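# An overview of the molecular structure
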Amino acid sequence: MTISVQDPSAFYRALCRIRSFEETVLENFPKGVFFGTTHTYIGQEANAVGVLAHCQPQDIVFSNHRCHGHFLAYGGDPHALFAELMGKSTGVCGGRGGSQHLQWKNFYSNGIQGGITPVATGMALAERLQGHSPVVFTFIGDGTLGEGALYESLNLASLWHAPVLFVLENNRIAQTTPVDIAVAGNMAARFSAFGIPAQELDSSDVLEIYPLAGKLVDEVRETQTPRALILHTCRFGPHSKGDDTRSEEAIERMKTQRDPLHLQAARVNDEQSIQIRSEISAEIAAAFQAALADPFPVIHAVAGSSI
Amino acid sequence: MTTVLESLNHALHTAMQADPGVYLLGEDLLDPYGGAFKVARGLSTAFPDRVLTSPISEAGLVGLASGMALRGLRPVVEIMFGDFLTLSADQLINHAAKFRWMYNDRVRVPLVVRTPMGGRRGYGPTHSQSLEKHFLGTPGLRVLAPCDLGDPGLLLRQAILEDDPVLFIENKLLYLCRIPSGKDLADLELTTLNPDSAAAPGLDAQTYAPAYTLRMRGAPPARLTLVAYGYMAHLARQAMVQLAYENEIFTELVILTQLAPFTIQPVLDSVQQTGRVLAIEEGSLSMGWGAEIVARVAAALGPRLLASQRLAALDSAIPASGPLEAETLPDTAAIIQAAKKMV
């Protein structure tokens, strides 16, 4: 969803929509309205909003298990996403996929760490070979750095000129495992070793993320070769639900210093920000209630299984 | 006479000629080498832009091809040895086979992964296996195995035309088998069971993959049904002729070319007459394809099934040493021996 930097309220609105959605998810999970589990994006909203503000209609997004923020920033419908989490027929994938497995327009997500990266690379290659000039945004995390398929993808993307922007969101913890005991060496060097230019930013400010992402997106689009953007970020919530092993003090410190909503709210006047929060809150509440009222799907034959 | 290898090679040429969206990806594909088993020979010369010789990255390659398939192309991936398919298992099971269903039928994945399986060449434990059983029963993944009857190349071309992922199991010794003419099969009566030979590409539940039934021409009623696929079907055909001429044991041979998902009907049609079934495979015995065949026949026929057995490789790694390997893998003599015990 293309957003202009000229309008700080548009960014604020996009950030608030993700936050409000995710808070509604966590608040209602204990009530048993959702199936399975979830991975919320609270604290990382500026990444999705700042990066995907550059996404054009022909572009492709491939996301991971923590995909709600990417989906909403791409322009996805909160009602369809709630419905998907609730396993309803009106869900993004009719209730088949759940929280981690979404597909809508040119947006895809899958729950296997690293496994998405060769697929995204192949999509980018196919688009280029067919004469299109897309950017394929591929979101990975610090946890993905442990997967071998990622490095095969980087090699292939570089060798075969696949127009991929690898966006590495380093939230410094993979489930409960902090990066310092899981990731050796240098993150950017992992990309540059394959000849993929990489840029790093340690910020939760959408107005810092947006221009750097824009520069890399333009480079991918113009050269049809891969780039990497490493965003050092903060995950305020648990990996999924109630599985946060970090100290409350550490989380509070992050929330005080690195909240992308607070940073952007300062650029919008008080009256406007109150109004935006109120509108978003009503939009998300309505989406949630509508999804609750939606019907469950009925199972139908799986293609190919009957023979 | 055409060999299976020539038929498959010709099919790739034809498919790439017919559709500019067909790409071939794999290791060491470029001419003059043309792939480890030469199925890709000539393709990089004829279609230099569409044969992508790759680094040694089976997972990356199958994933990349899935992505290409999701975005409008028809990639064919060659995995050099079937043993290396395990490296791409995640991509096949959690990605390619899942996408269509998990994304509510809004996407298709017209991907073919071809690979040679099988032993008897002394390649030892990691280059001789028949690992297809680990992929059978994966929802969303069609598994095909050509044999040396009919038109193996046509089966491959149909797989390439299909809009869903296909794992295409070739066999190293089958490559050099010549496809017999009607005259070669003069002693045999061949019935081709083709559920939907005119299937349009992408037809969901239909299959274009034929099954074959062989009987001894003019023989008394058969008392045993042999079921096999791939190279074992070639060996079973030899066994069937020997059993008839040397032992006066008459059998029917049912050959399947679609291993999963599959219909047991062609096997049932035969076993209903013979009362006995012997499932023959080159993969290791336990938890295998033969177990599924026997289970489905038993479930359908109940007490009308007089006898059922499986013949397969020993539950062991495959040794490099010739005599040891020969003891590990089932051959024509083993089929004859197993059949004799059953009638």
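Reading the values: the criteria
Residues numbered from 1 in each chain as written. Chains lettered and ligands numbered in written order. Predicted model: local features only at pLDDT ≥ 70, side-chain atom pairs only at ≥ 80, totals over all residues. Heavy atoms only, no water. Helix = DSSP H or I, 4+ residues; strand = E, 2+ residues; numbered from the N terminus. Rg over C-alpha atoms; globule rule 2.2 N^0.38 Å. Buried < 20%, exposed > 50% of the residue type's maximum accessible area, 1.4 Å probe, protein only. Contact = heavy atoms within 4.5 Å. Areas by Shrake-Rupley, 256 points an atom, 1.4 Å probe, with all protein chains shown as cover. Lys, Arg positive; Asp, Glu negative; His and termini not counted. Charge placed at Lys NZ, Arg CZ, Asp CG, Glu CD. Domains from an automatic or database assignment. Buried area = accessible area lost by both parts, 1.4 Å probe. Salt bridge = Lys/Arg side-chain N within 4 Å of Asp/Glu carboxyl O. Nonpolar A, V, L, I, M, F, W, Y, C, P; charged D, E, K, R; others polar. Polar contact = N/O pair within 3.5 Å; in protein donor to acceptor, adjacent residues only side chain to side chain. Axes fitted to C-alpha atoms, helices over the stretch in contact; angles between N-to-C directions. Parallel < 35°, antiparallel > 145°, perpendicular 65-115°, else oblique. Left-handed = near helix turned anticlockwise from the far one by under 90°. Pairing = 2+ DSSP bridges. Right-handed = clockwise from strand over helix to strand, strands pointing away. pLDDT = per-residue confidence, 0-100. Expected span 1.5 Å × (residues − 1).

For chain B, the helix and strand inventory stands at 10 helices and 13 strands. For chain B, whose C-alpha radius of gyration is 20 Å, the value lies close to the compact-globule estimate of 20 Å for 343 residues. Taking the principal axes of the C-alpha coordinates as reference, chain B spans close to 55 × 45 × 40 Å. Expressed as a percentage of its 343 residues, the buried residues of chain B come to 60%. In chain B, once contacts between residues fewer than 6 apart in sequence are set aside, the share between residues at least 24 apart is 80%. For chain B, the accessible surface area stands at approximately 12,700 Å², while carbon and sulfur atoms represent 55% of it. The centroid of the 28 positive side-chain charges in chain B is displaced by 3 Å from the centroid of its 34 negative side-chain charges.

A word on the domain arrangement of chain B. All names here are of chain B. When the domains of chain B are assigned, the result is domain 1 (4-176) and domain 2 (188-342). The gap between the C-alpha centroids of domain 1 and domain 2 is 25 Å. Contacts between the two partners involve 38 residues from domain 1 and, on the opposite side, 43 residues from domain 2. Summed over both sides, the interface between domain 1 and domain 2 buries roughly 3,000 Å², with carbon and sulfur atoms accounting for 54% of that surface. Linking domain 1 to domain 2 there are two salt bridges. Between Arg120 and Glu282 there is a salt bridge, and its shortest N-O distance comes to 3.2 Å. Looking at the side of domain 1 that touches domain 2, the elements with two or more residues in it are strand S5 (142-144), helix H5 (152-161) and strand S6 (166-171). When its residues are assigned to classes, the side of domain 1 that touches domain 2 shows 15 nonpolar, 11 polar and 12 charged.

Time to look at the interface of chain B and chain A. Interface size is commonly expressed as the accessible area that is lost once the parts come together. With 42 residues of chain B at the contact, the number on the chain A side is 38 residues. Interface of chain B and chain A: buried area, both sides summed, is about 3,300 Å²; carbon and sulfur atoms make up 64% of it. Joining chain B to chain A, the criterion identifies two salt bridges. Linking chain B with chain A are 16 residue pairs in polar contact (both at pLDDT 80 or more).

A few words on the pattern of salt bridges. All names here are of chain B. All told, the structure shown has 26 salt bridges over all chains when counted by the stated rule. Measuring nitrogen to oxygen at the nearest pair gives 3.9 Å for the salt bridge that ties Arg215 to Glu189. Of the two residues, Arg215 sits in strand S8 (residues 211-216) while Glu189 sits in strand S7 (residues 188-193), which places them 26 residues apart along the sequence.

Before going further, it helps to spend a moment on the side chain of B:Glu282. Residues and elements named next belong to chain B. Locating Glu282 in the fold gives a position in strand S12 (residues 276-284). Exposure remark for Glu282: the relative accessible area of 7% places this residue in the buried category. Beyond its immediate stretch of four places on either side in the chain, Glu282 contacts Gly118, Gly119, Arg120, Ser128, Ser130, Asn171, Tyr231, Met232, Ala313, Leu329 and Pro330.

On to the packing of helix H1 (residues 8-28) of chain A against helix H11 (residues 270-293) of chain A, then. All names here are of chain A. The contact between H1 and H11 brings their axes to 9 Å, and the two run at 45 degrees. Comparing the axis directions of H1 and H11 gives the class oblique. Handedness of the H1/H11 crossing: right-handed. Of the residues in H11, those touching H1 at Ser9, Tyr12, Arg13, Cys16, Arg17, Ser20, Phe21, Thr24 and Asn28 are Gln272, Ser273, Ile276, Arg277, Glu279, Ile280, Ser281, Glu283, Ile284 and Phe288. Grouping the constituent residues of the contact of H1 with H11 by class yields seven nonpolar, seven polar and five charged.

Here we take up the pairing of strand S13 (residues 307-313) of chain B. Residue and element names in this part refer to chain B. Bridge analysis of S12 against S13 gives six bridges, and the strand direction is parallel. If you follow Leu278 over to S13, its bridge partner there is Gln309. What joins S12 to S13 is helix H8 (residues 289-301), and the crossover it makes is right-handed.

Bringing the sheet that holds strand S3 (residues 74-78) of chain B into the picture now. Residue and element names in this part refer to chain B. Taken in spatial order, the seven strands of this open sheet run S2-S1-S3-S4-S6-S5-S11, and their pairing is mixed. The open sheet terminates on both sides in strands that have one partner only, identified here as strand S2 (51-53) and strand S11 (258-260). Averaged over all neighbouring strand pairs, the angle between strand axes comes to 25 degrees, with direction disregarded. Across two bridges, the pairing between S5 and S11 is antiparallel. Bridged to Leu144 within S11 is Gln258.

To continue, consider the confidence of the model for chain B. Counting all residues, the mean pLDDT for chain B is 95, and 97% of those residues have values of 70 or more. Note on residues 197-205 of chain B: pLDDT under 50 across the span, and 19 contacts to partners over four residues away in sequence or across chains.

Residues and elements named next belong to chain A. Taking 1.5 Å as the rise per residue, helix H8 (residues 206-223) with 18 residues should run 26 Å; its terminal C-alpha atoms sit 25 Å apart, in good agreement. Regarding H8, the residues found buried are Val206, Ile209, Tyr210, Leu212, Ala213, Gly214, Leu216, Val217, Val220 and Arg221. Capping the start of H8 is the job of one residue whose side-chain oxygen sits 2.9 Å from the backbone nitrogen of Leu207: Asp205. The positive-phi residue at the C-terminal boundary of H8 is Gln224, with phi of around 50 degrees.

Before going further, it helps to spend a moment on the side chain of B:Thr115. Residue and element names in this part refer to chain B. When you line up the elements, Thr115 lands in strand S4 (residues 112-117). Within the local environment of Thr115, its side chain forms a polar contact with the backbone oxygen of Ile79, the two atoms lying 2.8 Å apart. Those residues within four positions of Thr115 in sequence are excluded, and the remaining contacts are Ile79, Phe81, Gly82, Leu85, Phe168, Ile169 and Glu170.

This part is about the sheet that holds strand S5 (residues 164-170) of chain A. All names here are of chain A. The strand order S2-S3-S1-S4-S5-S9-S8 describes an open sheet built from seven strands, whose pairing is mixed. Looking along the sheet, the strands with just one partner apiece sit at the ends: strand S2 (103-104) and strand S8 (198-202). Two strands pair when backbone bridges link them, and strand S1 (residues 60-63) and strand S4 (residues 136-141) are joined in this way by three bridges, in the parallel orientation. Bridging from a neighbouring strand, Val61 pairs with Phe137 of S4.

Let's shift gears to unusual backbone geometry. All names here are of chain B. At the junction of Asp31 and Pro32, the peptide bond is cis and its omega measures out at 10 degrees in the coordinates. Inspection of the secondary structure assignment puts Pro32 in the loop between strand S1 (22-26) and helix H2 (43-46). The omega torsion across Ala260 and Pro261 is -20 degrees, close enough to zero to call that bond cis. The residue Pro261 is located in the loop between S11 and helix H7 (265-274) in this model. Backbone geometry places Asn104, a non-glycine residue, at a positive phi of 60 degrees. Structurally, Asn104 is set in the loop between helix H4 (89-102) and S4. Residue Asn104 is classed as partly exposed on the basis of its relative accessible area, which comes to 24%. Here the phi dihedral of Glu248 falls at roughly 55 degrees; this positive angle occurs in a residue that is not glycine. Position of Glu248 relative to the elements: it lies in the loop between helix H6 (230-247) and strand S10 (251-256).

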